[in-house]
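What the coordinates show
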Amino acid sequence: MASTSASEASSSSTSTPHRYDAFISFRGEDTRTNFTDHLYTTLVAYGVHTFRDDEELERGGNIASDLFRAIEESKIFVVIFAKNYADSSWCLNELVKIFECATQKQSAILPIIYHVDPSDVRKQSGSYGDAFVDHEKDVDEKKMEVIQKWRTDLNRVSSLSGFHVKEQYETQVIMEITDDILGRLNHKPLNLGKNIVKMNSHLENLKSLIDIELNEVRVVGIYGVGGIGKTTIANVVYNDISDQFDGSSFLNNVRERSKDEAFQLQGELLDGILKGKSRKVSNMHDRMGMIQRSLRSKRTLIVFDDVDDLEQIENLVEEHSWFGPRSRIIITTKHRRVLTNYGVNVSYEVPKLHDKAITELFSLWAFKQNLPNESYKNLSRQAVDYAKGLPLALKVLGSCLFGKTKSEWKSTLDKFKTIPHADIQNVLRISYDGLDDKQNKIFLDIACFFKGTDKDFVLRILPKDFFGESGIRELHDKCLISTSKNKLDMHDLLQHMDWEIVRQECPKEPGR
């Protein structure tokens, strides 16, 4: 359902520049850690520059000057009317300011009625009526005028067309709200799919590394094990900063597409650099020349996604020197050696999700809400423990378990502990399949016998013809193993994958 603008209330306008695409007004105790947080994260992930008041300070009921400024500098207003919104004089003063700015600038207000009766908000009955009874106790005439203004604007804003969140899945509503806002902004970001969780820290860390104001070409690498979320994170960064460049291109799945679609990749790169104005060229050699000429004269943002060989980039941009001043290049890979060979300025290793984010992401797929159902809490703990913070595994497991009974959950989880899910294993196995025979044997030995063992000890007992030093380095570069305090380690799901490989090779002798 689309919102209508409050513009008909006034024909006046303001020349205040827009710093934010969207401003979210909400009552912190109602929705800060659930609906509002998920909506904010989704909007930011889709490149919508969004203001959210993270510290709701009750300063005598007055809105701080910086908050006034943020409202004045916003294009679209999202107001979340939950149960306790009207309890806060802060929120009500904020609402008055929002309506004032919206009418002056002909901006849109999008009301979200969250688990309350819309008529309670419009008519100030129910919990909203109780709130106003408290506000009106022992007030003078001047204060009563303020309260009447609260009532009037509350009715006006809540009567606009928006969204009523009641029984439906919140993830679905959040995507509908996001699509509505994107449509109003005429913004066409890369599609991220649904259930985007806790991208803010990744975005801020990478923006700091990218350092968009630095007056030089800068190459940033994003690396980590398969399924950790490298592509999604690169998408989020691209959506956030791409409009600050003369041209931009996100080349996805370069590793796989380089085999048969190199010419198409060149075309996508040119279309991004020239914003769809490139002329038709019939062969790769001529296209390469056009890419070189186009890059040199522009400040561009280029993302090479899922690269595992330097040649895959060089077939698209032959020389690092081709990039124009202040351009930014992002490379995602499972193989950190690619980043070293290309000469990246700085690299970002994607960490595993922390406990709260793990539970939230799994729950969004398994229950279509932020938290597990109470009766499934113990089983949910088993599922997230199996996934060990890997977003791909949380998504696959959650989707697989959605709508199943508790006995079906238990049976499914027991099966996965013995036989890994194919969708997870196929992603993890990509780097493994690129190993030579000696590296393959070292990897299987570590998984079966040496996880948690001192690296020097393992090097001493490996056969000499395994070339252990270089083999372990290669496994480390491909993010298949890690070392901490000189002890070898790997993600539990990689270890399970290895065990499954051994089981398939020796089905009648699983202990071999």
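Below is a short write-up of the structure.

Parameters and conventions
- Residues numbered from 1 in each chain as written.
- Predicted model: local features only at pLDDT ≥ 70, side-chain atom pairs only at ≥ 80, totals over all residues.
- Heavy atoms only, no water.
- Helix = DSSP H or I, 4+ residues; strand = E, 2+ residues; numbered from the N terminus.
- Contact = heavy atoms within 4.5 Å.
- 1 Å grid on protein atoms, 1.4 Å probe; cavity = no way out; pocket = protein on both sides within 12 Å on 5 of 7 lines; lining within 4 Å.
- Points joined across faces, edges and corners; volume = space filled by probe spheres on them.
- Nonpolar A, V, L, I, M, F, W, Y, C, P; charged D, E, K, R; others polar.
- Buried < 20%, exposed > 50% of the residue type's maximum accessible area, 1.4 Å probe, protein only.
- Axes fitted to C-alpha atoms, helices over the stretch in contact; angles between N-to-C directions.
- Left-handed = near helix turned anticlockwise from the far one by under 90°.
- Patch = residues over 30% accessible without salt bridge, like charges linked within 9 Å, V, L, I, M, F, W, Y side chains within 5 Å.
- Areas by Shrake-Rupley, 256 points an atom, 1.4 Å probe, with all protein chains shown as cover.
- Salt bridge = Lys/Arg side-chain N within 4 Å of Asp/Glu carboxyl O.
- Lys, Arg positive; Asp, Glu negative; His and termini not counted.
- Charge placed at Lys NZ, Arg CZ, Asp CG, Glu CD.
- Pairing = 2+ DSSP bridges.
- Expected span 1.5 Å × (residues − 1).
- Phe/Tyr/Trp six-rings, centres within 6.5 Å; stacked < 30°, edge-to-face > 60°.
- Lys NZ or Arg CZ within 6 Å of the ring centre and 35° of its normal.

Before going further, it helps to spend a moment on the side chain of aspartate 477. Residue placement: aspartate 477 occurs in helix 23 (residues 468-477). Apart from the residues lying within four places of it in its own chain, the contact partners of aspartate 477 are Lys334, His335, Arg336 and Arg337.

Let us look at empty space enclosed by the protein. Evaluation of the coordinates by the stated rule reveals 5 cavities of 30 Å³ or more. Of the volumes computed, that of the largest cavity is approximately 50 Å³. Lining the largest cavity, in full, are Gly224, Val225, Gly226, Lys334, Val427, Leu428, Ser431, Lys478, Cys479, Leu480 and Leu494. In terms of residues, the lining of the largest cavity owes the most to one element, helix 20 (residues 422-433), which gives 3 residues. Residue composition of the lining of the largest cavity, by class: 6 nonpolar, 3 polar and 2 charged.

Looking at the secondary structure, you find isoleucine 112 in strand 4 (residues 108-114). You can call isoleucine 112 buried: its relative accessible area is 0%. Each C-alpha atom, one on isoleucine 112 and one on leucine 160, is 9.8 Å from the other, the two residues being 48 residues apart in sequence.

Viewed as axis vectors pointing N to C, helix 17 (residues 377-387) and helix 18 (residues 391-401) meet at an angle of 145 degrees, and their least axial separation amounts to 9 Å. Between helix 17 and helix 18 lies a crossing whose hand is right-handed. In contact with Ala383, Val384, Tyr386 and Ala387 of helix 17, helix 18 contributes Ala393, Leu394, Leu397 and Leu401. Class assignment of the residues belonging to the contact of helix 17 with helix 18 gives a composition of 8 nonpolar, no polar and no charged.

Now for a negative patch on the surface. A grouping of Asp308, Asp309, Glu311, Glu314, Glu318 and Glu319 is seen on the molecular surface, where their side chains present a negatively charged patch. On the basis of relative accessibility, which here comes to 41%, the residue glutamate 319 falls in the partly exposed class.

Ordered in space as 7-8-9-6-10, the 5 strands form an open sheet in which the pairing is parallel. Looking at the sheet topology across the chains shown, the edges are occupied by strand 7 (247-251) and strand 10 (346-349). Sheet twist, expressed as the average angle between the axes of neighbouring strands with direction ignored, equals 15 degrees. The pairing of strand 6 (residues 218-223) with strand 10 spans 4 bridges and is classified as parallel. Pairing of tyrosine 223 across the sheet is with glutamate 349, part of strand 10. Across the sheet, helix 10 (residues 230-241) is in contact with strand 6, strand 7, strand 8 (300-304) and strand 9 (328-333); its angle to strand 7 comes to roughly 165 degrees.

Glancing now at helix 21 (residues 437-450). Under the 1.5 Å per step criterion, the end-to-end length of helix 21 is 18 Å for 14 residues, consistent within 8% with the ideal 20 Å. Count one or two residues on from helix 21 and you reach glycine 452, which has phi positive near 85 degrees.

Summed over all chains, the structure comprises 14 aromatic pairs. Measuring from ring centre to ring centre gives 6.4 Å for phenylalanine 362 and phenylalanine 367, while their planes differ by 85 degrees; the resulting arrangement is edge-to-face. Residue phenylalanine 362 shares its accessibility class with phenylalanine 367, and that shared class is buried. Members of the aromatic cluster, connected to one another through ring pairs, are Tyr20, Phe23, Phe51 and Phe77. When the ring centre of phenylalanine 402 is taken as reference, the NZ or CZ atom of lysine 368 above it lies at 4.7 Å.

For the structure shown, the criterion picks out 30 salt bridges. Residue lysine 410 pairs with aspartate 414 through a salt bridge whose shortest N-O separation is 3.4 Å. With lysine 410 and aspartate 414 both in helix 19 (residues 406-418) and 4 residues apart, the pair spans about one turn of that helix. Assessed through its relative accessible area of 47%, lysine 410 is described here as partly exposed. Overall, the relative accessible area of 35% leaves aspartate 414 in the partly exposed class. Note that aspartate 492 and lysine 451 form a salt bridge whose closest N and O atoms lie 2.5 Å from each other. Of the two residues, aspartate 492 sits in helix 24 (residues 492-505) while lysine 451 sits in the loop between helix 21 and helix 22 (455-461), which places them 41 residues apart along the sequence. With relative accessibility at 22%, the residue aspartate 492 sits in the partly exposed group. Among the charged side chains, a salt-bridge network with shared partners connects Arg255, Glu256, Lys259, Asp306 and Lys334.

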